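Examination of the molecular architecture
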Amino acid sequence: MTLETVSTNRSHGGTQGVYRHASAETGTPMVFSVFLPPQADQIKEGGGGKLPVVWYLSGLTCTHANVTDKGEFRQAAAELGLVIVCPDTSPRGEGVADDAAWDMGQGAGFYVDATQAPWTPHFRMWSYVTKELPEVVAANFPVDMDRQGITGHSMGGHGALTVALRHPGRFKSVSAFAPIVAPTQVPWGHKALPGYLGDDPAAWRRHDAVALIEDGARVAELLVDQGKADSFLENQLRPELLRQACADAGIPLTLRLQEGYDHSYFFISTFMRDHLEWHAARLKA
């Protein structure tokens, strides 16, 4: 498998890279970013060792570039010795199905493997982020796959929660920023899940964090930050549903409602260090 380097830049003593590869899952080129902290250079010089990795899944309309450019994670990641991997949110390009609306199609893959036309040929983001991309990253970067954390924003928060819940033991730390916690109960999910997965409610529940918890899936603990001034809070995000599901299941949940913060990267970047410190404490324990 050939990995093309799109760009590299020095930052906080580490290296921010952007890479492209031909994905077997999506049948398209896929672009992702990787931040290697300064400790990666020390490993290379010393000839051994690997670093913990945190996966960041982005939200609707985003590419890898939104968090890479605006997430303000590099200083904290450099200090903590964390590798940060940021995938795209969907397949893209000529011949890839799309929708005129911003919440479906390219930029809106919802981290599922589509079973419905016209999405089936390329929209396999579940298999891409859970299987293919981890294999690519493990083969090309000094990551310790026994020390993985996962986080994400909005649609990516939905992805992070569902990926972690369906892969018990893979992730030592899980967090999210303003996640869609129950897509089967909100308009975004009412559109995307039947659109990609058809009319089977059981298929929808496998991509709904609250439903997965109700059905027995577990993680050790969760950290979630949510802006109280988020325009999507009441209709699309509904963190109270996650609070209740975690309480009923006995999952420790730290849910922080942040006064005055919206859904933007101004919010995410403000609390990014908190999340990375939280991940580091668990990945290095």
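So, a few notes on the structure that sits alongside this text. (Residues numbered from 1 in each chain as written. Predicted model: local features only at pLDDT ≥ 70, side-chain atom pairs only at ≥ 80, totals over all residues. Heavy atoms only, no water.)

1. Looking at the pattern of salt bridges
In total, this model carries 16 salt bridges according to the counting rule given. Linking Arg92 and Asp88 is a salt bridge whose minimum nitrogen-to-oxygen distance equals 2.7 Å. Beyond isolated ion pairs, a larger network of salt bridges with shared partners links Glu25, Asp113 and Arg124. (Salt bridge = Lys/Arg side-chain N within 4 Å of Asp/Glu carboxyl O.)

2. Quick word on unusual backbone geometry
Backbone torsion omega between Ala117 and Pro118 reads 5°, so that peptide bond is classified as cis. Of note, Pro118 is situated in the loop between strand 5 (83-86) and helix 4 (125-140). Even without being a glycine, Glu72 presents a positive backbone phi close to 55°. If you trace the backbone, Glu72 turns up in the loop between helix 2 (64-70) and helix 3 (74-80). For Ser154, which is not glycine, the phi dihedral falls at a positive 60°. With respect to the element layout, Ser154 can be found in the loop between strand 6 (143-152) and helix 5 (155-166). (Helix = DSSP H or I, 4+ residues; strand = E, 2+ residues; numbered from the N terminus.)

3. Topic: the nonpolar core
Within the largest apolar cluster, 90 residues are counted, with the highest numbers of intra-cluster contacts made by Phe32, Tyr196 and Leu276. For this core, the leading source of residues is helix 11 (residues 265-283), giving eight residues. Apart from the residues within four sequence positions on either side, Leu276 is in contact with Val54, Phe73, Ala76, Ala77, Leu80, Leu82 and Ile84. (Core = buried A, V, L, I, M, F, W, Y, C linked by side-chain atoms within 4.5 Å. Buried < 20%, exposed > 50% of the residue type's maximum accessible area, 1.4 Å probe, protein only. Contact = heavy atoms within 4.5 Å.)

4. Brief notes about the packing of aromatic side chains
Applying the stated criterion across every chain yields a total of 12 aromatic pairs. Ring geometry for Trp119 versus Phe123: centroids 5.1 Å apart, planes at 80°, classification edge-to-face. With respect to class, Trp119 is no different from Phe123; both count as buried. Aromatic side chains Tyr261 and Phe267 sit 6.3 Å apart centroid to centroid with 50° between the ring planes, which places their arrangement in the tilted category. Residue class for Tyr261 comes out partly exposed when judged on its relative accessible area of 29%. Through successive ring pairs, a cluster of aromatic residues spans Phe177, Tyr261, Phe267 and Phe271. Above the ring of Phe73, the side-chain terminus of Arg74 is found at 5.0 Å from the ring centroid. (Phe/Tyr/Trp six-rings, centres within 6.5 Å; stacked < 30°, edge-to-face > 60°. Lys NZ or Arg CZ within 6 Å of the ring centre and 35° of its normal.)

Geometry only, nothing functional implied.
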